[in-house]
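Structural features, examined
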Amino acid sequence: MLLAEIYKELDYIDKKILLLLDKLLIRYEYVPLSVIEGSINVPPRELALRLGRLSEMKLIKRSLTSRTGYRLTFLGLDCLALGDLVRDGVIAYLGSSIGTGKESEVYIAKSSKGAPLAVKFYRIGKASFQKVSRVRQYLTNERCWLIRSKLAAEREYSVLSELPRYTENVPRAYGWSRHAVVMSYINGVELYRCRELRKPTEVLYGIFNALRAAFIHLGIVHSDLSEYNVVVSIEDEVPYIIDWPQYVHRDNPLHLEYLKRDVLYVIKFFKRRYGVSIDVSKALRFVKGEVNEVIG
Ligand SMILES: Nc1ncnc2c1ncn2[C@@H]1O[C@H](COP(=O)(O)OP(=O)(O)OP(=O)(O)O)[C@@H](O)[C@H]1O
Ligand SMILES: [Mg+2]
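Below you will find a few notes about this structure. Just so you know, these numbers come straight off a predicted model, no measurement behind them. (Residues numbered from 1 in each chain as written. Chains lettered and ligands numbered in written order. Predicted model: local features only at pLDDT ≥ 70, side-chain atom pairs only at ≥ 80, totals over all residues. Heavy atoms only, no water.)

What to know about the site of ligand 1
Under the convention used in this document: By convention in these notes, a residue is near a molecule or strand provided one of its non-hydrogen atoms lies within 4 Å of it. Polar contacts, as counted here, are pairs of nitrogen or oxygen atoms within 3.5 Å of one another; within protein the pair requires one atom able to donate a hydrogen and one able to accept it, and residues that are adjacent in sequence qualify only if both atoms are side-chain atoms. Areas reported here follow the Shrake-Rupley algorithm with a probe of radius 1.4 Å; residue values treat only the protein chains shown as occluding. Both site types are read off a 1 Å grid over the protein atoms alone. A 1.4 Å probe that fits but cannot get out defines a cavity, while an open set with protein on both sides within 12 Å along at least five of seven lines defines a pocket; lining residues have an atom within 4 Å of a point. Molecules are considered to sit inside a cavity or pocket once more than half of their atoms lie within 2 Å of its grid points. Numbering goes from the N terminus for both helices and strands, where a helix is a DSSP run of H or I of at least four residues and a strand is a run of E of at least two. Under the grouping applied here, Gly and all other residues not named as nonpolar or charged are polar, the nonpolar ones being Ala, Val, Leu, Ile, Met, Phe, Trp, Tyr, Cys and Pro and the charged ones Asp, Glu, Lys and Arg.
Taken together, the neighbourhood of ligand 1 is formed by 16 residues, with Lys102, Ser104, Lys120, Glu190 and Asp243 sitting nearest. The contact in question runs from an oxygen atom of ligand 1 to an N or O atom on the side chain of Glu190, over 2.4 Å. Starting from 620 Å² of accessible surface for ligand 1 in isolation, the protein chains cover 88%. A majority-of-atoms criterion places ligand 1 in the largest pocket. For the shell around ligand 1, the secondary-structure elements that each account for two or more residues are strand E5 (104-110), strand E6 (116-122) and strand E8 (180-184). Taken together, the residues that form the shell around ligand 1 break down as seven nonpolar, four polar and five charged.

Spelled out as structure tokens, the structure:
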């Protein structure tokens, strides 16, 4: 079932239960049933039915220990974020999933004026779950992932709400709630899937342009730049750098190393795939704002 359809199944009291579990995320691994009973004003039998239904819908999860308790799942948090974004008028419609990254699920959406938007719901931890669970059981605590996902969304929003003032080469954020960020939808393909580009050098310059704006105006470095985190618009071949939550501020003593790594990485990619030759040190000086041209 689509997320928007799941959301429509919820009534006021269901949402109150989800909100309570979210509010108590910091306090409890599983919120004890007694605490839920004390906060949600419905008869215990009705509450039990509702908790059972929400568990079946996979919006909450019951503890497997003898002490009955419940926690929110990512899907439950998705519903809360969706509710906020619609209430606040950030989106008017949520469509289907358009991309699953290692740490997120991205949906297409529309504004009240019908403009296409992308909603990125963070899923930090999911991908690494299998790998780490055998070795370190405590890392499989989904509650921490929910909290980390919220932090990631907040960080990405902080960048994408500011940076479009200085460069056209990043999506523009329109809102954020909990672990979800709403941004302009780019009708394009990731750079790694672009077999041919009409003007590869221009695309590379567009990428430098975004790195430079981030460095000069916000004092930050992307730090995870690759052909997977650049989407090139189909219509006019404009590159957009996406996926900013891991950005590093220039207070970080390693920030210049990350900047160099980002620049070197894309230059090597363009050399390998498109035969474009760019001098690394000149590109780096441009991105740092020391010169105003990449060439020369
Ligand atoms: N604004 C957008 N417009 C259109 N598509 C987008 C947008 N943002 C993300 N996507 C799509 O969703 C995919 C995942 O996005 P993103 O890289 O931000 O997430 P991620 O989970 O951090 O990815 P990963 O960890 O795998 O690099 C992208 O590869 C792209 O296909
Ligand atoms: Mg990515």
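Structure shown, so let's carry the discussion forward.
So, the pairing of strand E11 (residues 230-233)
Rule in force here: Exposure is judged per residue with a 1.4 Å probe applied to protein chains only, and the accessible area is read against the type maximum: over 50% gives exposed, under 20% gives buried, and values in between give partly exposed. Strand pairing is assigned whenever DSSP identifies at least 2 bridges connecting the two strands.
A two-sided burial pattern is seen for E11, the buried positions comprising Val230 and Val232 on one face and Val231 and Ser233 on the other. With three bridges connecting them, strand E9 (residues 188-190) and E11 associate as antiparallel partners. Within the sheet, the bridge partner assigned to Glu190 lies in E11 and is Val231. Two elements, E11 and strand E12 (residues 239-241), share three bridges in a ladder whose sense is antiparallel. Its bridge partner being in E12, Val231 is matched across the sheet by Tyr240. Adjacent in sequence and paired antiparallel, E11 and E12 are bridged by five residues, among which Glu237 carries a positive phi angle near 55°.

Digging into helix H4 (residues 44-56)
Note the following rule: Multiplying 1.5 Å by the helix residue count minus one yields the expected span of that helix. This arc describes the spread of directions from the helix axis toward the C-beta atoms. Two residues form a contact once any of their heavy atoms are found within 4.5 Å.
Taking 1.5 Å of rise per residue, the 13 residues of H4 would be expected to cover 18 Å, and the 18 Å separating its terminal C-alpha atoms lies within 8% of that figure. Those residues of H4 that fall on the buried side of the exposure criterion are Leu47, Arg50, Leu51 and Leu54. Across the axial projection of H4, the buried residues extend over an arc of 100°, all falling on one side. Turned more than 90 degrees from where H4 packs its buried face, Arg45, Leu49 and Glu56 sit exposed. Here the buried face of H4 lies against helix H2 (12-23), helix H3 (33-39), strand E2 (60-62) and strand E3 (69-72). Looking one or two residues past H4, Lys58 carries a phi angle of roughly 70°, positive in sign.

Considering the environment of Cys194
Here Cys194 is to be found in the loop between E9 and helix H8 (200-218). When the C-alpha atoms of Cys194 and His179 are compared, they prove to be 30 Å apart, with 15 residues separating the residues in sequence. Leaving out residues up to four positions away in the same chain, Cys194 has contacts with Val189, Val232, Arg273 and Tyr274.

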